[in-house]
Amino acid sequence: MKFMKLGSRPDTFYTTEAVRSVSSEVSSDLIIQVKGSRYLLHKFPLLSKCLRLQRLSSESPESSQHQMVQLADFPGGVEAFELCAKFCYGITITVSAYNIVAARCAAEYLQMTEDVEKGNLIYKLEVFFNSCILHGWKDSIVTLQSTKAYPMWSEDLTITSRCIEAIASKVLSHPSKVSLSHSYSRRGRDDMSCNGAESMRHKPESKGWWGEDIAELGIDLYWRTMIAIKSGGKTPSHLLGDALKIYASRWLPNISRDGFVSKQAGSDSDSETTCEVTSKHRLLLESIISLLPVEKGAVSSSFLLKLLKAANILNASSSSKMELARRVGLQLEEARVSDLLIPSLSHSNDTLYDVDMVMIILEQFLLQGQSPPTSPPRSKLGFERRRSRSAENIDFEFQESRRSSSASHSSKLKVAKIVDGYLQEIARDMNLPLSKFIAIAEAIPDFARLDHDDLYRAIDIYLKAHPDLNKSERKRLCRILDCKKLSMEACMHAAQNELLPLRVVVQVLFFEQARAAMAGGKVTELPSNLKALLATQGIDPSRPPAPLSTTTTIPAEDQWSVSGLKSPKSRMSTLRMKLAEDDDLDDNDMHPDGINRNSRLKALCALPTRPKRMFSKLWSINRSASEKN
């Protein structure tokens, strides 16, 4: 740190009976009262350099021996006054970044200007401030920090603005051109990497070298400094984001621990109430949000979601929460499931997590601009322009467009995986309404889920955590599941899952048989446990579904067979009718084993929208195999 020494005489100030005085052969004739402290001094050295003391002395009545002057509103306190008094006596004083603001404010108050005496204290302090303090990195930061004690004086004397401009200019310039003073001495030692080479983590040549140092500033000064840096337009957005992350970690150190913020973070006093600390953190958080760069990817989704968790806990403004949700939605594919588990502190519901906020994030993600077309537009003007270009340029533009489209598609695939993982976590919440679970699941486009295994796991967890769901609610929940997209392992689990509606179980088994037939050219043998399950339901796994038994109560016109499926008059209409009727079956029509037989049989009809090809191929294979036998 740079410093300046003024004066040459030794320090002769001393204290007697709570009164500060100076050793001198001349008796004192001036008493100055500064914020509870009394000084017994001499008029000549003080009044010769302090215009304010001259005026106050002339206005105050003179007693027989000492004249009294009151300095009740003196800036800087007794330390700053004593420094100015010693300067007047010619006693050696030391000025550095730590006390220059207090000394400058005190000198301004005492009016120690050039009009009173050439080379007065204000002049010397200004020269040192402009030539040394503002040229040093650490000196500028320490000086700016010290302005917090004298905000009005520092603003009037332009100390604050000059420090901010100096810091911003150094950030915008190349680090090698910056005088760092002892900026890195507090972090200290030369780090050594594992191979013995010197670490570059704290080298000034690193692009984000400034973020950790300015994180020491209070939020008001930090906000102004970051605005000055951003207005320069030279700092990459990701470096601004890194600086904000460092600052948040410094002042909100516990935002990453389950979303809870410690009281002592950013607290200056143990006497502060919880309300005051919360208000401080709320202001700090909203200031950080307002400083976030507008560019996508400048900060990670994980950091944004941590801020969103803190915003929920601190009850930040709705606009701040919506801004964070919007930014998260723009890069949701980078998030982790754990990041999306935002604690719910709303009194309107008892859910563990804020599902509504995640729904807003999903909506923001889906509202992003549509993927560009996979081929150039075929307008007449575009065609004429393309004719004038080379074939290579046309191919390049086409590939770039395809690449952009596929990137958008891949992000949706990633988000689908994230959402299914999120559903598995929130499904354990006993207070989570079915409607919200389904809304989150249905927010993902159908094409984004390449398989439904993760979604099935989430449904299974929800069914186990909510055993009181009635039959219609279970059916409503399982409608979001596409049995054709389940793996063999998931099918085996679903086939034995007693919590699923029976129509879903039979549907799973039938689609697995159909898939095996279409893939291998013949019906694959099912595991013994699945065969046993089908046998208990009266279904022969080696043969296609047979016509419904005439002993049941199903009307004749609702029965269907292989020939019926091949008939143009009874294709989709009959199957869809069965699906619609299945929801209205009479629960009293129970099989002796306790299973609703109508529901069991109607579940066989739960086929995809184009069943003819699947059934005809499957049954033709079976029939040809049986004929050979």
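Here the structure is a predicted model, which means the values were calculated and not measured.

Turning our attention to the overall build of the protein chain. Of the regular secondary structure elements, the protein chain holds 28 helices and 7 strands. Here the protein chain holds 629 residues, and 46% of them are scored as buried. Contacts spanning at least 24 positions in sequence make up 70% of the contacts within the protein chain whose residues lie at least 6 apart. For the protein chain, the exposed surface amounts to about 32500 Å²; the carbon and sulfur share of it is 53%.

This part takes up the packing of helix 12 (residues 274–291) against helix 13 (residues 301–314). Relative orientation of the contacting elements helix 12 and helix 13 amounts to 145°, with a least axis distance of 10 Å. Where helix 12 crosses over helix 13, the handedness of that crossing is left-handed. Of the residues in helix 13, those touching helix 12 at T278, H281, R282, L285 and I288 are L307, A310, A311 and L314.

Let's shift gears to the pattern of salt bridges. Using the criterion set out here, one finds 20 salt bridges in the structure. For the salt bridge of R20 with E82, the shortest nitrogen-to-oxygen distance reads 2.5 Å. Residue R20 is found in strand 3 (residues 19–22), and its partner E82 is found in helix 3 (residues 77–89); the two are separated by 62 residues along the sequence. Of the residues examined, E82 reaches a relative accessible area of 13% and is grouped as buried. The shortest N-O distance in the salt bridge between E126 and R104 comes to 2.7 Å. One end of the pair, E126, is in helix 5 (residues 121–131); the other, R104, is in helix 4 (residues 100–110), with 22 residues separating them in the sequence.

With the rule as written, the count across this model stands at 9 aromatic pairs. Members of the aromatic cluster, connected to one another through ring pairs, are Y39, F74, F81, Y109 and W153. Here the basic side chain of R250 rests over the ring of W251, its NZ or CZ set 4.2 Å away from the ring centre.

Turning to the pairing of strand 2 (residues 13–16), a few remarks are in order. In terms of strand pairing, strand 2 meets strand 3 through 4 bridges, oriented antiparallel. Note on strand 3: the bridge partner recorded for T16 is V19. Linkage of strand 2 to strand 3, two consecutive antiparallel strands, is achieved through a turn of 2 residues, within which E17 is found at a positive phi near 50°.

Bringing the sheet that holds strand 5 (residues 37–41) into the picture now. Pairing is mixed across the open sheet formed by 5 strands, whose spatial order is 2-3-5-4-6. The sheet is open, and its two edges are formed by strand 2 and strand 6 (67–70), each paired on a single side. Across the sheet, the axes of successive neighbouring strands diverge by a mean angle of 25°, strand direction being ignored. Sheet contacts for helix 2 (residues 51–59): strand 4 (30–34) and strand 6; angle to strand 6, the most-contacted strand, approximately 125°. Helix-sheet contacts for helix 3 involve strand 2, strand 3, strand 4 and strand 5, and the interaxial angle to strand 5 is about 5°.

Attention shifts here to the packing of helix 16 (residues 355–366) against helix 19 (residues 434–442). Viewed as axis vectors pointing N to C, helix 16 and helix 19 meet at an angle of 20°, and their least axial separation amounts to 10 Å. With respect to each other, helix 16 and helix 19 are oriented roughly parallel. Taken as a pair, helix 16 and helix 19 cross one another with a handedness that is left-handed. Touching V355, D356, V358, M359 and L362 of helix 16 are K436, A439 and I440, all from helix 19. Within the contact of helix 16 with helix 19, the residues separate by chemical class into 6 nonpolar, no polar and 2 charged.

Rules and cut-offs
- Numbers given to residues run from 1 along each chain, matching the order in which its sequence is written.
- Two thresholds apply to this predicted model, a pLDDT of at least 70 for residue-level local features and 80 or more for giving and counting side-chain atom pairs, whereas whole-chain, interface and lining totals are computed over all residues.
- To get the side-chain values, all heavy atoms of the structure are used, and hydrogens and water are removed first.
- Going along the chain from the N terminus, every DSSP run of H or I of four or more residues is numbered as a helix, and every run of E of two or more is numbered as a strand.
- Residue exposure (1.4 Å probe, protein chains only): buried if accessible area is under 20% of the type maximum, exposed if over 50%, otherwise partly exposed.
- Residues are treated as being in contact if the distance between any of their heavy atoms lies within 4.5 Å.
- Accessible surface area values rest on a Shrake-Rupley calculation with a 1.4 Å probe, where residue burial reflects the displayed protein chains alone.
- Here an angle of 0 to 180 degrees is reported between the N-to-C directions of two axes, which are lines fitted to C-alpha atoms, with helices fitted over the stretch in contact.
- Left-handed is the label given to a crossing in which the near helix is rotated counterclockwise from the far helix by less than a right angle, and right-handed is the label when the rotation is clockwise.
- Any carboxyl oxygen of Asp or Glu within 4 Å of a side-chain nitrogen of Lys or Arg constitutes a salt bridge here.
- Aromatic rings from Phe, Tyr and Trp, taking only the six-membered ring of Trp, are treated as a pair when their centres fall within 6.5 Å; an angle between ring planes under 30 degrees marks them as stacked, one over 60 as edge-to-face, and anything in between as tilted.
- Two limits define a charge over a ring: the Lys NZ or Arg CZ must be within 6 Å of the ring centre, and within 35 degrees of the ring normal.
- When DSSP finds two or more bridges between two strands, those strands count as paired.
- Orientation labels follow simple angle bins: below 35 degrees gives roughly parallel, above 145 gives roughly antiparallel, 65 to 115 gives roughly perpendicular, and whatever is left gives oblique.
- Any residue outside Ala, Val, Leu, Ile, Met, Phe, Trp, Tyr, Cys, Pro, Asp, Glu, Lys and Arg is labelled polar, Gly included; the first ten of those are nonpolar and the last four are charged.

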